[in-house]
Amino acid sequence: MLSAHRWSAGARSEDRVIEHFYGLRADPFPLSPDHSESFPHDHFVKARDYIDYALLRGDGIVMITGKPGTGKTTLVKDLESRIDRTKVKVIVLVTTQLEAEDLLRMLAYGLGLNATMPGKALVLHEIMRCLEGLHGVGQRALLVIDEAQDLATSALEELRLLTNLERAGRPLLQIMLLGQQQLRERIRQPEMEQVQQRVIAAWNLEPLSPSETMRYVSHRLRGVGWTGRPSFAPGVLGVVYSYSGGTPRLINLICSRLLLRGIVTGRPEISFQDADLVMAELRDEALTLPHGGDTALARDPGQVLTEPLPALTASSLPRSGSDPQHESAVPASVPTIDGGADGVVAAETDFSTVTPSLAFAALADAFSAGAADPDSAAAAAASARVADA
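Values in this document were obtained by computation on a predicted structure and should not be read as measured data.

**Comments concerning the overall build of the protein chain**
The helix and strand inventory of the protein chain stands at 15 helices and 13 strands. For the protein chain, the proportion of contacts with a sequence separation of at least 24, taken over those separated by at least 6, is 75%. Total accessible area on the protein chain is roughly 17,900 Å²; 52% of this is exposed by carbon and sulfur atoms.

Here it is, written out as structure tokens:
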């Protein structure tokens, strides 16, 4: 029972209970983004490849949108873990309710400059000097803005102007916008046409499908040493999908509560009745948000599932070293992207045999080697093959 466990001082008590009761190394369902155990579903991998390809070009604006909890911040953490900081200076802004001048000052602060200088013109001048200095030593800058749907119109226009900064024909700053779906709608407005023309790559993260939801839960469990405890009876993961709508953050929330239920009852086997009780508790706490609060849809999984999801037990564990559920679904190719006003069109490149990390490394190497055009650098990436297991 829960009261029987002793907790170590200074450690998260709930993690200790989970580790002890289920024999896991850590909490498999944290609410905070965990890029090291990100689930490589199709939409996530495509968004990551689009980001990598846009970084190869080195200009314009990259835009990634999606509902809350679909993995946008995880993408940023993943990018920060893979990018070569000796070649790219990354500035991440998370405070986005800013006007144009405030945005410039935040950028200046991120570049290590004095952000309290009087007047916008002086701030912009110092930013330009800093970016030119980076260019002079073979570096470039990437500005990442999370929750960008909250930016003021003046700030969005300022971002467009910043993409015009260049030296010797090379852009000095590239911009990556992440935000909820309202960001896409704002960029599509007629008054945002010039900003839209600077968007060289865009992707919308969708929630997981029912089968991806089951694979996601299995992936999270196996990442912390799962050997069959806990187990989920038939129908449980169908309930998880129906209430979460396939949103990873909500899947984590629900599964975390299911694990707590198993600890309280002393049973590592999560039954359909357990799931029903947990969902009733979450409804009372108003913590389930999909379907606009319409719990009638979530009460009947048959309305959203064409067939019930099976059980997840020890028999689901792979019998050999190969693990198809952990394999990354790399898109067959990166679609042709219109470069915008300069008319540059990036050639379609086959990435079907390149892992995202190898592709990114090859692109970065090609860029640092001075590849004159996207086709040459992309060809270098395509030559990076996945090593035999």
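From this point, the narrative continues.
**Regarding the pattern of salt bridges**
One pass over the structure, following the stated rule, counts 17 salt bridges. Taking the shortest distance from any N to any O, the salt bridge between Asp78 and Arg82 comes out at 2.8 Å. Placement of the pair is Asp78 and Arg82 together in helix 3 (residues 72-82), with a separation of four residues, close to one helical turn. One salt bridge connects Arg267 with Asp274, and the closest N-O pair in it is separated by 3.3 Å.

**A word on unusual backbone geometry**
Following Arg229, the chain continues into Pro230 via a peptide bond in cis, with omega recorded as 0°. Structurally, Pro230 is set in the loop between helix 9 (210-222) and strand 8 (231-232). Backbone geometry places Glu147, a non-glycine residue, at a positive phi of 55°. Phi at Ala168 is positive, roughly 55°, even though this residue is not glycine. Tracing the sequence through the fold places Ala168 in the loop between strand 4 (166-167) and strand 5 (170-171).

**Points about the nonpolar core**
Membership of the largest hydrophobic core comes to 35 residues, with the highest contact counts inside it found for Leu131, Leu143, Ile145, Leu159 and Leu177. Ranked by the residues each element gives to this core, the list is headed by helix 5 (residues 120-136), at five residues. By size, the runner-up hydrophobic cluster in this structure holds 33 residues, among which are Tyr22, Met214, Ile251 and Val278.

**Remarks on the layout of surface pockets**
By rolling a water-sized probe across the atoms, one finds the places where empty space is left. Of the voids in this model, the second largest pocket is the one considered here, and its volume is about 400 Å³. Every residue lining the second largest pocket is counted, 25 residues in all, and those nearest its centre are Gly69, Thr70, Gly71, Thr74 and Pro248. If you list the elements that add at least two residues to the lining of the second largest pocket, you get helix 3, helix 9 and helix 11 (248-265). Classifying every residue of the lining of the second largest pocket gives eight nonpolar, ten polar and seven charged.

**Quick word on the packing of helix 11 against helix 12 (residues 272-284)**
Interaxial distance between helix 11 and helix 12 falls to 10 Å at its minimum, and their mutual angle equals 120°. The angle between the axes of helix 11 and helix 12 places the two elements in the oblique class. Pair helix 11 / helix 12 crosses with right-handed handedness. On helix 12, the residues touching Ile254, Arg257, Leu258 and Arg261 of helix 11 are Asp274, Ala275, Leu277, Val278, Met279, Glu281 and Leu282. In terms of residue class, the contact of helix 11 with helix 12 is made up of seven nonpolar, no polar and four charged.

Definitions and limits used
Residues numbered from 1 in each chain as written. Predicted model: local features only at pLDDT ≥ 70, side-chain atom pairs only at ≥ 80, totals over all residues. Heavy atoms only, no water. Helix = DSSP H or I, 4+ residues; strand = E, 2+ residues; numbered from the N terminus. Contact = heavy atoms within 4.5 Å. Areas by Shrake-Rupley, 256 points an atom, 1.4 Å probe, with all protein chains shown as cover. Salt bridge = Lys/Arg side-chain N within 4 Å of Asp/Glu carboxyl O. Core = buried A, V, L, I, M, F, W, Y, C linked by side-chain atoms within 4.5 Å. Buried < 20%, exposed > 50% of the residue type's maximum accessible area, 1.4 Å probe, protein only. 1 Å grid on protein atoms, 1.4 Å probe; cavity = no way out; pocket = protein on both sides within 12 Å on 5 of 7 lines; lining within 4 Å. Points joined across faces, edges and corners; volume = space filled by probe spheres on them. Nonpolar A, V, L, I, M, F, W, Y, C, P; charged D, E, K, R; others polar. Axes fitted to C-alpha atoms, helices over the stretch in contact; angles between N-to-C directions. Parallel < 35°, antiparallel > 145°, perpendicular 65-115°, else oblique. Left-handed = near helix turned anticlockwise from the far one by under 90°.

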